Amino acid sequence: MARIELKNLRKSFGAFDVIKGIDLEIRSGEFMVFVGPSGCGKSTLLRLIAGLEDITSGDLVFDGERVNNLVPSKRGIAMVFQSYALYPHMKVYDNMAFGLKLAHAGEDEIRKRVLEAAKLLQIDHLLDRLPKQLSGGQRQRVAIGRAIVRDPRVFLFDEPLSNLDAALRVQTRLEIAKLHHAMNNVTMIYVTHDQVEAMTLADRICVLRDGKVEQVGTPAELYESPNSIFVAGFIGSPK
Ligand code: ADP
Ligand code: MG
């Protein structure tokens with residue numbers, strides 16, 4: 001579990017400011033959802049938290065420790081993307097075990113963790129298959145399983161369901177909610193542009209607009225008291 005603080009966080013690509021001073025505290029164990037229009041900086045923000053982009057200015061703090069200069073593998077994060085990015089030539093088991101092998105975990109420990117994660121996600125009957133022999137939903141579960149086995153303190157999801165059809169989206173969404181509870185409420189940060197996903201998954205929702213925070217609150221708070229027409233348009237009732 002981890003408490004994550006963003007302190008006046010900024011990111012520019014050359015002269016182009018993308019993240020324009022974000023202050024936000026994400027509580028330990030919280031399910032925080034970022035929503036906002038395409039291009040507002042959601043993916044960039046996740047990549048900053050993950051350490052996949054350098055911070056231009058400001059601070060990023062995990063459990064009281066400044067992590068600005070910590071490489072991704074030392075941050076204890078796991079990231080699940082919209083495209084599953086599985087290794088096509090590796091069986092499900094090896095896809096899930098890959099990160100642990102890189103981290104030099106022992107063979108028994110790897111097997112134990114992969115089997116546990118596979119059970120949790122109900123993919124334990126698929127471990128000998130190749131990615132191309134799986135459905136889209138199953139592939140996404142393998143991608144999530146690959147993240148779980150590394151026992152992260154923070155889970156980052158970037159629109160993980162947007163490549164799935166409607167029925168699978170609902171099912172996988174419920175599984176992610178279950179996962180949050182099963183993992184002792186590991187901190188989750190979840191990006192989506194889907195209002196239903198945001199409303200049903202979030203402890204709190206952070207609405208982003210043009211690289212800044214427009215409003216943060218529980219789904220009920222944002223629905224009942226949106227502070228702008230912009231927020232109302234995204235998740236609120238008509239204001
Ligand atoms: P979102 O995920 O909310 O759709 P992104 O974080 O992907 O938005 O992008 C925010 C803005 O930053 C966009 O205008 C995008 O073109 C720009 N951007 C993202 N990555 C880079 C990059 N590596 N170089 C230059 N501009 C980028
Ligand atoms: Mg994005």
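In this text, all values refer to a predicted model and were calculated from it rather than measured experimentally. (Residues numbered from 1 in each chain as written. Chains lettered and ligands numbered in written order. Predicted model: local features only at pLDDT ≥ 70, side-chain atom pairs only at ≥ 80, totals over all residues.)

**Q** What is the right way to look at the site of ligand 1 in this model?
**A** Surrounding ligand 1, one finds Phe13, Phe16, Val18, Gly36, Ser38, Gly39, Cys40, Gly41, Lys42, Ser43 and Thr44. Among the secondary structure elements, those contributing two or more residues to the shell around ligand 1 are strand S2 (16-26) and helix H1 (42-50). Looking at which element gives the most residues to the shell around ligand 1, the answer is H1, with 3 residues. Across the shell around ligand 1, the residue classes tally to 4 nonpolar, 6 polar and 1 charged. (Near = placed C-beta within 6 Å. Helix = DSSP H or I, 4+ residues; strand = E, 2+ residues; numbered from the N terminus. Nonpolar A, V, L, I, M, F, W, Y, C, P; charged D, E, K, R; others polar.)

**Q** Looking at this structure, how should I read helix H3 (residues 107-120)?
**A** For an α-helix, the turn length of 3.6 residues means that residues three or four places apart are oriented alike. With 14 residues, H3 extends 20 Å from end C-alpha to end C-alpha; this agrees with the ideal 20 Å at 1.5 Å per step. Looking at the packing, one finds that the buried side of H3 touches helix H2 (92-102) and helix H4 (136-148). A positive phi of about 55° marks Gln122, the residue just after H3. (Expected span 1.5 Å × (residues − 1). Contact = placed C-beta atoms within 7 Å.)

**Q** I'm lost on the sheet that holds strand S3 (residues 31-35) in this one. Help?
**A** Across the sheet, 6 strands lie side by side as S6-S7-S8-S3-S9-S10; this open sheet has mixed pairing. One side of each edge strand has no neighbouring strand; the edge strands of this open sheet are strand S6 (77-80) and strand S10 (212-217). Adjacent strand axes in the sheet meet at a mean angle of 20°, parallel and antiparallel pairs treated alike. Inspection of the sheet shows S3 paired to strand S9 (residues 204-209) by 4 bridges, in the parallel sense. Among the inter-strand pairings, Phe34 is bridged to a residue of S9, identified as Cys206. (Pairing = 2+ DSSP bridges. Axes fitted to C-alpha atoms, helices over the stretch in contact; angles between N-to-C directions.)

**Q** What exactly am I supposed to notice about the sheet that holds strand S1 (residues 4-13) here?
**A** Whether parallel or antiparallel, the strands of a sheet pair through hydrogen bonds between backbone atoms. The strand order S2-S1-S4-S5 describes an open sheet built from 4 strands, whose pairing is antiparallel. The open sheet terminates on both sides in strands that have one partner only, identified here as S2 and strand S5 (65-66).

**Q** When you look at the confidence of the model for the protein chain in this model, what are you seeing that I'm missing?
**A** Do not read the fine detail of predicted coordinates wherever pLDDT is low. Mean pLDDT over the protein chain works out to 92, with 98% of the residues at or above the 70 mark. In the predicted complex, the global pTM is 0.91; the interface-specific ipTM is 0.98. (pLDDT = per-residue confidence, 0-100.)

**Q** How do you make sense of the pairing of S10 when you look at a structure like this?
**A** The two faces of the sheet receive side chains in turn, since in a regular strand these alternate between them. Where S9 meets S10, 5 bridges bridge the pair, whose relative direction is antiparallel. Within S10, the residue paired with Arg209 across the bridge is Lys212. Linking S9 back to S10 in an antiparallel pair, the connection comprises 2 residues, with Asp210 at a positive phi of about 50°.

**Q** Explain the UniProt feature "domain: ABC transporter" (unreviewed entry) in the protein chain to me, please; I cannot follow it from the model alone.
**A** Mapped onto this structure's residue numbering, the UniProt feature "domain: ABC transporter" (unreviewed entry) falls at residues 4-235. Across residues 4-235 one finds 36% helix and 26% strand; the C-alpha atoms that close the span lie 24 Å apart. (UniProt positions renumbered as here; feature names shortened; annotations may be inferred.)

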